[in-house]
Number of protein chains: 2
Amino acid sequence: MRTPVSHSSKGPLDGYTIIDLTRVLAGPYCTLLLADLGARVIKVEQPGVGDDARHIGPFVEGDSAYFMSVNRNKESIALDLKSADDRQIFESLLQTADVLVENFRPGTMEKLGYVWEALHERLPRLVYTSVSGFGQTGPYSKRPAYDMVVQAMGGIMSLTGQPGALPTRVGVSIGDLAAGLYAAVGTQAALLQRERTGFGDRVDVAMLDCQVALLENAISRMQVDGRVPGPLGSRHPSITPFDVFRARDGWLVIAAGNDAVFRKLCAVLGLHGLIEDPRFLTNHLRCLHHEALKALIERQLNSAPCADWQEVLMSNDIPTGPYNDLAAVCNDPQIQSRQMLIQVQARNGQSLTVAGSPVHVGAHRTPLVRQPPQLDQDRQAILASIGIS
Amino acid sequence: MRTPVSHSSKGPLDGYTIIDLTRVLAGPYCTLLLADLGARVIKVEQPGVGDDARHIGPFVEGDSAYFMSVNRNKESIALDLKSADDRQIFESLLQTADVLVENFRPGTMEKLGYVWEALHERLPRLVYTSVSGFGQTGPYSKRPAYDMVVQAMGGIMSLTGQPGALPTRVGVSIGDLAAGLYAAVGTQAALLQRERTGFGDRVDVAMLDCQVALLENAISRMQVDGRVPGPLGSRHPSITPFDVFRARDGWLVIAAGNDAVFRKLCAVLGLHGLIEDPRFLTNHLRCLHHEALKALIERQLNSAPCADWQEVLMSNDIPTGPYNDLAAVCNDPQIQSRQMLIQVQARNGQSLTVAGSPVHVGAHRTPLVRQPPQLDQDRQAILASIGIS
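Residues numbered from 1 in each chain as written. Chains lettered and ligands numbered in written order. Predicted model: local features only at pLDDT ≥ 70, side-chain atom pairs only at ≥ 80, totals over all residues. Heavy atoms only, no water.

Enquirer: Please give an account of the overall build of chain A that cites residues and values.
Expert: For chain A, the count of helices and strands is 16 helices and 14 strands. Based on the C-alpha atoms only, the size of chain A along its principal axes is roughly 80 × 55 × 45 Å. Within chain A, the fraction of its 389 residues that count as buried is 62%. Pairs at least 24 residues apart make up 69% of the contacts formed inside chain A by residues separated by at least 6 positions. In the structure as shown, chain A presents an accessible area of about 13400 Å², 50% of it carried by carbon and sulfur atoms. Here chain A carries 36 positive and 40 negative side-chain charges, and the mean point of each set is 2 Å from the other. (Helix = DSSP H or I, 4+ residues; strand = E, 2+ residues; numbered from the N terminus. Buried < 20%, exposed > 50% of the residue type's maximum accessible area, 1.4 Å probe, protein only. Contact = heavy atoms within 4.5 Å. Areas by Shrake-Rupley, 256 points an atom, 1.4 Å probe, with all protein chains shown as cover. Lys, Arg positive; Asp, Glu negative; His and termini not counted. Charge placed at Lys NZ, Arg CZ, Asp CG, Glu CD.)

Enquirer: Please give an account of the packing of helix 10 (residues 259-269) of chain B against helix 14 (residues 306-315) of chain B that cites residues and values.
Expert: All names here are of chain B. Relative to each other, helix 10 and helix 14 sit at 135°, their axes nearing to 10 Å. Relative to helix 14, the element helix 10 is oriented oblique. Helix 10 and helix 14 meet at a crossing whose hand is right-handed. Contact with helix 10, carried on its side by Leu265, Val268 and Leu269, involves Trp309, Val312 and Leu313 of helix 14 and no other residues of that element. (Axes fitted to C-alpha atoms, helices over the stretch in contact; angles between N-to-C directions. Parallel < 35°, antiparallel > 145°, perpendicular 65-115°, else oblique. Left-handed = near helix turned anticlockwise from the far one by under 90°.)

Enquirer: Residues and numbers for the sheet that holds strand 10 (residues 250-255) of chain A, please.
Expert: All names here are of chain A. The sheet built from three strands is open, its strands ordered 9-10-11 with antiparallel pairing. One side of each edge strand has no neighbouring strand; the edge strands of this open sheet are strand 9 (242-247) and strand 11 (320-322). Within the sheet, the average angular offset between the axes of one strand and its neighbour, ignoring direction, is 30°. Inspection of the sheet shows strand 9 paired to strand 10 by six bridges, in the antiparallel sense. Following the sheet pairing, valine 244 is matched in strand 10 by valine 253. Across the sheet, helix 13 (residues 306-315) is in contact with strand 9, strand 10 and strand 11; its angle to strand 10 comes to roughly 15°. (Pairing = 2+ DSSP bridges.)

Enquirer: Go over the domain arrangement of chain A with me, naming the residues and quoting the values.
Expert: When its domains are assigned, chain A resolves into domain 1 (17-214 + 337-385) and domain 2 (242-325). Taking only C-alpha atoms, the centre of domain 1 of chain A and the centre of domain 2 of chain A are 42 Å apart. (Domains from an automatic or database assignment.)

Enquirer: Which residues make up the sheet that holds strand 1 (residues 17-20) of chain B, and what values do they have?
Expert: What holds strands together in a sheet is hydrogen bonding between their backbones, with the strands either parallel or antiparallel. The strand order across the open sheet formed by seven strands is 14(A)-8(B)-7(B)-6(B)-1(B)-2(B)-5(B), and the pairing between neighbours is mixed. Sheet topology places strand 14 (360-361) of chain A together with strand 5 (74-78) of chain B at the edges, where each strand pairs with a single neighbour. By the bridge criterion, four bridges tie strand 1 of chain B to strand 2 (residues 40-45) of chain B in an arrangement that is parallel. Its bridge partner being in strand 2 of chain B, threonine 17 of chain B is matched across the sheet by arginine 40 of chain B. Those strands touched by helix 3 (residues 84-96) of chain B are strand 1, strand 2, strand 5 and strand 6 (99-102) of chain B, and its axis lies near 150° from that of strand 1 of chain B. Together, strand 14 of chain A together with strand 6, strand 7 (127-132) and strand 8 (202-206) of chain B form the strand contacts of helix 7 (residues 174-197) of chain B, whose direction differs from that of strand 7 of chain B by roughly 165°.

Enquirer: Break down the environment of leucine 214 of chain B for me, with residues and values.
Expert: When you line up the elements, leucine 214 of chain B lands in the loop between helix 8 (207-213) and helix 9 (218-225). We classify leucine 214 of chain B as buried; its relative accessible area is 1%. On a C-alpha basis, the gap between leucine 214 of chain B and glycine 154 of chain B in space is 9.1 Å, while along the polypeptide they are 60 residues apart. For leucine 214 of chain B, the residues in contact, after removing those within four places along its chain, are Tyr29, Val172, Ile174, Leu177 and Leu181 of chain A together with Ile156, Ile174, Ala178 and Tyr182 of chain B.

Enquirer: Summarise the environment of proline 167 of chain A; cite the residues concerned and give the values.
Expert: Turning to its location among the elements, proline 167 of chain A is positioned in the loop between helix 6 (147-153) and helix 7 (174-197). The spacing of proline 167 of chain A and alanine 152 of chain A is 15 residues in sequence and 9.0 Å in space, taken between C-alpha atoms. Excluding residues that lie within four positions of it along the chain, proline 167 of chain A makes contacts with Met157 of chain A together with Gln162, Gly233, Ser234, Val244, Trp251 and Tyr323 of chain B.

Enquirer: Pulling in residues and values, what's your account of unusual backbone geometry?
Expert: A negative phi holds for most residues other than glycine; trans holds for most peptide bonds. Geometrically, the link from glycine 57 of chain B to proline 58 of chain B is a cis peptide bond, its omega value of 0° lying close to zero. With an omega of -5°, the peptide bond running from threonine 240 of chain B to proline 241 of chain B counts as cis. One non-glycine residue, asparagine 73 of chain A, lies in positive phi territory at about 65°. Mapped onto the secondary structure, asparagine 73 of chain A falls in the loop between helix 2 (65-68) and strand 5 (74-78). Classification of asparagine 73 of chain A by relative accessible area gives buried; the value is 7%. Positive phi, close to 55°, is recorded for glutamine 339 of chain A, a residue that is not glycine. Along the chain, glutamine 339 of chain A falls in the loop between helix 15 (333-337) and strand 12 (341-345).

Enquirer: Let's hear about the relation of the copies chain B and chain A: which residues, and what values?
Expert: Overlaying chain B on chain A yields an RMSD of 0.0 Å, the required transformation being a rotation through 180° with an accompanying axial translation of 0.0 Å. The superposition operator between the copies reduces to a two-fold rotation axis. (Least-squares fit on C-alpha atoms with pLDDT ≥ 70 in both.)

Enquirer: Describe in detail the packing of aromatic side chains, supporting the description with residues and values.
Expert: Residues and elements named next belong to chain A. A full pass over the atoms with the stated rule returns eight aromatic pairs over all chains. Its end group placed over the ring of phenylalanine 67, arginine 54 keeps NZ or CZ at 4.0 Å from the ring centre. One Lys or Arg, lysine 294, reaches over the ring of phenylalanine 245 and ends 5.6 Å from the middle of that ring. (Phe/Tyr/Trp six-rings, centres within 6.5 Å; stacked < 30°, edge-to-face > 60°. Lys NZ or Arg CZ within 6 Å of the ring centre and 35° of its normal.)

Enquirer: Which residues make up the nonpolar core, and what values do they have?
Expert: Among the nonpolar cores identified, the biggest contains 152 residues, and Tyr182 of chain A together with Tyr182 of chain B are the most heavily contacted of them. The contacts of tyrosine 182 of chain A, once residues within four sequence positions are left out, are Val205, Cys210, Ala213 and Leu214 of chain A together with Tyr29, Leu33, Leu181, Pro358 and Val359 of chain B. (Core = buried A, V, L, I, M, F, W, Y, C linked by side-chain atoms within 4.5 Å.)

Enquirer: Account for the pairing of strand 6 of chain B, with residues named and values stated.
Expert: Residue and element names in this part refer to chain B. What you see with strand 6 is no split at all: Val99 and Val101 on one side and Leu100 and Glu102 on the other are buried throughout. Bridge count for strand 6 against strand 7 is four bridges, and the pairing is parallel. Bridging across to strand 7, glutamate 102 finds its partner in serine 130.

Enquirer: Before we move on, could you go through helix 10 (residues 259-269) of chain A and cite the residues and values that matter?
Expert: All names here are of chain A. Turning to helix 10, its buried residues are Val261, Phe262, Leu265, Cys266, Val268 and Leu269. In an axial view of helix 10, the angular spread of the buried residues amounts to 165°, which keeps them on one side of the axis. N-capping of helix 10 is provided by asparagine 258, with a side-chain oxygen placed 3.1 Å from the backbone N of alanine 260. Once helix 10 ends, the next one or two residues include glycine 270, with phi positive near 75°. (Arc of directions from axis to C-beta. Polar contact = N/O pair within 3.5 Å; in protein donor to acceptor, adjacent residues only side chain to side chain.)

Right, here's the structure in full:
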C-alpha cells in the first residue's frame, strides 16, 4: 500500500485549543463534541462556584452526574474575569487559542470587555463562537432562554405527543443539544475557512433557530396540506405503516418505507388479504387509512411475543426494532460493541456510565483522556503551558 | 482597523467539493448543512428514479416537498454506478472531490466496488463519510434501519410522552436529523485533520449511536437514582418548575432554573406563601412535589390569558415563552428576523417555505444559491467542470 490508512490516536482535532466559557448544557455539549474529537478544551469557570451544572443533580457524593455527563476530556481553570490579574491570564490563554466558545446571554461578553470586533482586531485568527437562546440579533436577542422555552417556541413540541392530549416535551434537552451540535458544525466551518482566508470569524448560533431547523419538511407539509400539523403519537406523518405496534407482551417498531416492503410485511404477518385491499394499495392510501391498518396489524401481532415477531420480520429484511427503555439500551450488544457507553469517575471513585461520542473518524473511538475535571483542577498545568508559574 | 472582519459571501466552506450519494434524509441532511455553508455538493442519483425522497409526499404538482426541504444548494447528476461509462464519470468526479458521503446499508458500497481502503489508496486525500442505521461494525451492522427503528431502540422514545400513556415518537425525524448533524461534525473534523496530516479518513456515523449520544445525563441519572426513567410529559426531569403551564386561554412555558428565579416567580404570580413553603424551598424539594406546585401555579395562571402573563414574566426577566404551533412559528418576529424561513420553488413556480440554516458564520446567512435540483439537471455543467463534454 502506498499510504497507510491514517488516523491519529489523539483524534482528528488534535492540536486545536478551545477556550471554553460555557455553562450548563448547550455550550458544554458543543465543546464536548470537539474535546471527544481530540481538541484541547480549557474550561474557564467562575472561582468558587464553577459551571452552574456542577450544582444540578443528581449527585454522586457532591459530584454532579449532570456535569459529569458532558465535561469529560476537558481541563478546568477558575478565573474571575472581573479581576485584572485573572484577565491577564485569560488574555494569555486567548493568545494560544484557536476558538473561544461562550453561551452567555447576548450583552454579557460585551460587558466583560470581550467584544467580537475588538478581539478580532487583536487576534485575527481566533474563531469566536456564541451560543445563545435567541441569537445575537433580532428583537428577542437579550431575553433569557432555556431548553424548555425554545422547545415550546420552536414548534417541535406542537408535533410531539398524543393527538388531543397534553403538551409533551421531547424527553431529552433537544433545545440545548441541537444548539451544541450546530455550534460545533459552525465552529469547524470557521476553522476550515481560516485555512483559506487566514482569518477567524464569528459564529452565532441560536437555540431557537436550531429548533426551527429540526422541523425539516413539517413547514412545507403545512403549506401543501393547508393544515397546521399536530402531534401524531408514535406514527410517521407521511409514511404508513411506520409506527410502534403492540404485540402480545409489549411493543415493537415496524417501518415499511415502500410498497414492496409493505407487501412483504403483509405476507410475513399472514395478512395476505391486505395486499390487494383498495384502502392500502399505495403509501398515500395507507396514510389515509392508518388507524384501520394499525388495528389489523396489531390484531395479528397479538398472537405472539415481540421477540418472535422480530425474528420473523428481521429474517425477511423488514425494518423492525424493539421499543427500548434505558436499561435495555445499556444492555444492547450493538450499542456496547460501538463503545457508545463509557465510564467516568466521581471523586469518591464511583464510576458512572455516560453516552460516548457517535462521531467515529478512522480508528478514533471516544477515548477517555481526562475525567470530568474538578473546579480549577488543571490550574498549574494550564498556567505552565502559557509560561506563567 | 488592521484587518477587516472577514466573511466570504460564498460561505465558509467555499472551495470544498462533496460527492453526495445519499438518499432520503440522514445523509441529505448532512450534505445540506455543508451546502448551506458554501460547499459544492454534487448529488449523484440513480437514473430515472433519483433520490427516494423524490417519491415521498406531499407533492407540489409532482415535486416532492419532502425532497425540496433538504436539497437546496445542491447540484444533481444521474449516474448508473453499475455501468462502465458512468463509473468512469464517477471516478473523475471523485478525483476532484474532498469528500464522498453515502448512506447505503453497509455492504452496498463494497458491492459497487468502492471499498474505503482501496479508495484511500487511490485518493489519499478523500474523506469518506458513511451514515448508516447501525454503523459499519457490530452485530447489527447489516440490518436495515429507519428513523422510527432507531428512535425506539435508542431510548429517546422511552423518555418522551405522557407517563403511563402510549409510546410517543419525537415529532420530527430526530433519528435521521441527529445522524446528519453528527456526520457533518465528523466530516469537518476529518477535513481539519487532513490539513495537518495530508490524508483523508473514514467517518462512520450510526443513527443508533447518535440516539444514545442524545440521552446526555439520562443514563447517569438512571444509575444514581437506581430507577429506569420513563416519560415525564412536559416537565424537566431534574429542574422544577420547568414545564408547560395552562393559563386562561392556552399554554405557556415557565422555566425557573434556580432558587432566586423561583422566588421571583412566586412574587410575580402573587404566590408569596410558596416562597417559605417547606415543600418548595430547594430545587430538589420542588422536584419531589412537582404536582402540587404545578397545580398551585396553574390555579393562579387561570386568572389571566397567556399574553398578559408572558408580559409580566418577561418584564421580570423570568424565562418564559409561548407554546407555538407551526403557524405561530412562521409568524414569529424573531424567527423571521433570523432568516430561519426561506423560500424554494417547485417546477410549476409555486414557492414553498422551508427551514433555513441556523449556522451563522460571520455575515453568511443561508443564501439560496440553487433551487432544489431536478434529477440530472446539472449534468452538462458538471461534466464540463471535469473536462468531459
